[in-house]
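# Breakdown of the fold
Next come the chains, spelled out residue by residue.
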Amino acid sequence: MVLNYIWIAFFVLAFIVATIRLVFFGDAEVFPDIINSTFASSKSAFEISLGLTGVLALWMGIMRIGEQGGVIALFSRVLSPLFSKLFPDIPKGHPVTGSIFMNMAANMLGLDNAATPLGLKAMEGLQELNPKKDTATNPMIMFLVINTSGLTLIPISIMVYRAQLGAAQPTDVFVPILIATFISTLAGIIAVALYQRINLLNRTILLFLGGAIAFITGIIWFFSTLSQDQIDLYSTTFANVFLFVIIIGFILAGIRKKVNVYDAFIEGAKEGFTTVVRIIPYLVAILVAIGVFRASGCMDYLTQGIASLVEMCGLDSDFVGALPTALMKPLSGSGARGLMVDAMNTYGADSFVGRLACIFQGSTDTTFYILAVYFGSVGVAKTRHAVPCGLLADFAGILAAIFVCYLFF
């Protein structure tokens, strides 16, 4: 229901702002720009879906081999103590916890192409447990909010962009991004736990959080000892080795269980194709609404309004130049990426605004895109508290990004 109101608001606000620009400022280009954006966004949505088809078929096929080979069930048993606390409505040891883990692992390594198919597979498993097929369950919401918080351990693409745009030390945003994205994820988990009355103050979760903090601290220390070239080499190599180990491991597990791995792959790949067809309407809906909102000038006016408000309060407004990236990130990943590059081109890759834009880009994920695609893939229309919790995690990530950028730079 919240997503419905937000979708309507995008169009209504865009129409009001465009009308004001036309009537009072004589801007005759605004409505053609809006209509052109609807066509461009619709085309983009279809192209994204088309691009997902092959990758989704591949990873759905690999996951089917993993299911029949018993690997997913193994992950489920290992993660059962933790997941039974975070996802109390999922039966203990259920195979879907293995799919959730695979998705989270891919996200943390920045493997977007693998993470989306694995996430859609997890959503299918969660939907099988759903007694009301059109309504989001508690585990679905917890899973998606963790996704939208964008926890990434190695933001390799951002560091590559910084290197291309002439940053003296492209990796200097690595630690700030890691801190900001961890705070965003933690805020999302706490928000959902409060909504769902999940007790986070238990031994298992506290041990996990302590271990996660120690692990992230270790990563920060390790990468601080490396040069930029070594960071690029280590992170890229590890991510790709990790992916291929998964593929080989699943195939070997299937052979061990005497599974016909080829037939299992084909069976899973067919599901990937049908899933892509289901998500196209949802993707078109959200991307067109975002395109209209941007083309009307609403995003620019929102940023200018925040800048004026900050200055009226007597606060430092240096961060406002990077704010378009933060505001765009929940709406569009490619849009936020473009704004990040624009900020570095305009202010300089090593400027405060350029660095902050990079931290914004790495601290959260595309909330509305993820909700539209994941819920759309299983036909969930009533999202309950998924949107407010996801946006709260985004807001925490934005505040954390601003704070750590002032702290470091």
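For clarity, every value in this text was computed on a predicted model and none was experimentally measured.

Calculation notes
Residues numbered from 1 in each chain as written. Predicted model: local features only at pLDDT ≥ 70, side-chain atom pairs only at ≥ 80, totals over all residues. Heavy atoms only, no water. Helix = DSSP H or I, 4+ residues; strand = E, 2+ residues; numbered from the N terminus. Expected span 1.5 Å × (residues − 1). Bend = angle between axes of the 7 residues up to and from the residue. Buried < 20%, exposed > 50% of the residue type's maximum accessible area, 1.4 Å probe, protein only. Contact = heavy atoms within 4.5 Å. pLDDT = per-residue confidence, 0-100. Core = buried A, V, L, I, M, F, W, Y, C linked by side-chain atoms within 4.5 Å. Salt bridge = Lys/Arg side-chain N within 4 Å of Asp/Glu carboxyl O. Patch = residues over 30% accessible without salt bridge, like charges linked within 9 Å, V, L, I, M, F, W, Y side chains within 5 Å. Areas by Shrake-Rupley, 256 points an atom, 1.4 Å probe, with all protein chains shown as cover. Axes fitted to C-alpha atoms, helices over the stretch in contact; angles between N-to-C directions. Parallel < 35°, antiparallel > 145°, perpendicular 65-115°, else oblique. Left-handed = near helix turned anticlockwise from the far one by under 90°. Nonpolar A, V, L, I, M, F, W, Y, C, P; charged D, E, K, R; others polar. Phe/Tyr/Trp six-rings, centres within 6.5 Å; stacked < 30°, edge-to-face > 60°.

Helical geometry: 3.6 residues make up each α-helical turn, so side chains three or four residues apart lie on a common side. In this model, helix α2 (residues 30-69) (40 residues) spans 56 Å end to end at C-alpha, consistent with the 58 Å of a helix rising 1.5 Å per residue. Along its length, α2 shows its largest kink, about 35°, at Thr-53.

With that settled, consider the environment of Val-160. Note that Val-160 resides in helix α7 (residues 156-164). In this structure the C-alpha to C-alpha distance between Val-160 and Thr-171, which are 11 residues apart in sequence, comes to 8.9 Å.

Checked against the element boundaries, Thr-38 lands in helix α2. The class for Thr-38 is buried, based on a relative accessible area of 18%. Not counting residues within four places of it along the chain, the set of residues in contact with Thr-38 comprises Val-288 and Val-292.

For the chain, the average pLDDT comes to 84, and 96% of its residues sit at 70 or higher. Confidence scores differ between elements of the chain, with α7 showing the lowest mean pLDDT of 76 and helix α6 (residues 138-148) the highest of 92.

The biggest cluster of nonpolar side chains holds 61 residues, and the ones touching the most others in it are Phe-87, Ile-100, Met-123, Phe-143 and Phe-375. Looking at which element gives the most residues to this core, the answer is helix α16 (residues 367-378), with 9 residues. Excluding residues that lie within four positions of it along the chain, Ile-100 makes contacts with Phe-83, Phe-87, Ile-90, Ala-122, Leu-126 and Phe-143. Core analysis: the second largest hydrophobic core is formed by 29 residues, Ala-326, Met-344, Ile-402 and Val-404 among them.

Here we come to the pattern of salt bridges. A complete count under the given rule lists 10 salt bridges for this structure. Between Arg-21 and Asp-27 there is a salt bridge, and its shortest N-O distance comes to 2.6 Å. Arg-162 is the partner of Asp-350 in a salt bridge, and the nearest nitrogen-oxygen pair spans 3.1 Å. Here Asp-350 is found in the loop between α14 (333-347) and α15 (352-363), whereas its partner Arg-162 is found in helix α7, with 188 residues between them in sequence. Connected via shared salt-bridge partners are Arg-64, Glu-67, Lys-121 and Glu-267.

It is worth spelling out a nonpolar patch on the surface at this point. Among the surface-exposed residues, Tyr-5, Trp-7, Ile-8, Val-12, Leu-13, Phe-15, Ile-16, Ile-20, Leu-22, Val-23, Phe-24 and Phe-25 lie close enough to one another that they form a single nonpolar patch of about 1200 Å² accessible area. With respect to the helices and strands, Phe-15 occurs in helix α1 (residues 2-25).

On to the packing of α6 against helix α8 (residues 174-196). Remark: α6 packs on α8, axes separated minimally by 9 Å, with the N-to-C direction vectors making an angle of 165°. The orientation of α6 relative to α8 falls into the category roughly antiparallel. The hand of the α6/α8 crossing is right-handed. For the pair α6 and α8, contact is made by Asn-138, Ile-141, Met-142, Val-145 and Ile-146 and by Gly-188, Ile-189, Val-192, Ala-193 and Gln-196, respectively. Taken together, the residues of the contact of α6 with α8 break down into 7 nonpolar, 3 polar and no charged.

Where two aromatic rings form a pair, the distance of their centres and the angle of their planes describe that pair. Inspection of every chain in the model, using the stated rule, returns 8 aromatic pairs. Both rings, one in Phe-83 and one in Phe-87, keep their centres 5.3 Å apart while their planes meet at 50°; by these two values the pair is tilted. On the accessibility criterion, Phe-87 (1% relative accessible area) is buried. Pairing Phe-143 with Tyr-374 gives two aromatic rings, centres 6.2 Å apart and planes at 35°, and the pair type is tilted. Taken together, the positions of Phe-143 in helix α6 and Tyr-374 in helix α16 put the pair 231 residues apart, joining distant regions of the chain. Overall, Phe-143 belongs to the buried group, its relative accessible area being 0%. The rings of Phe-10, Phe-293 and Phe-368 are connected pair by pair, giving a single aromatic cluster.

What follows deals with the side chain of Asn-138. Among the structural elements, Asn-138 can be located in helix α6. Setting aside residues no more than four positions away along its own chain, Asn-138 makes contact with Asp-89, Gln-196, Arg-384 and His-385.

Running from N to C, α16 and helix α17 (residues 386-408) cross one another at 145°; their axes reach a closest spacing of 10 Å. When the axes of α16 and α17 are compared, the crossing they make is right-handed. On α17, the residues touching Thr-367, Phe-368, Leu-371 and Phe-375 of α16 are Ala-386, Val-387, Gly-390, Leu-391 and Asp-394. Its residues placed into classes, the contact of α16 with α17 shows 6 nonpolar, 2 polar and 1 charged.

Now for the environment of Leu-331. Topologically, Leu-331 is positioned in the loop between α13 (323-328) and α14. The class for Leu-331 is buried, based on a relative accessible area of 6%. Sequence-wise, Leu-331 and Ile-290 are 41 residues apart; in three dimensions their C-alpha atoms are separated by 6.5 Å. Beyond its immediate sequence surroundings of up to four residues, Leu-331 is in contact with Phe-10, Ile-290, Met-299 and Phe-368.

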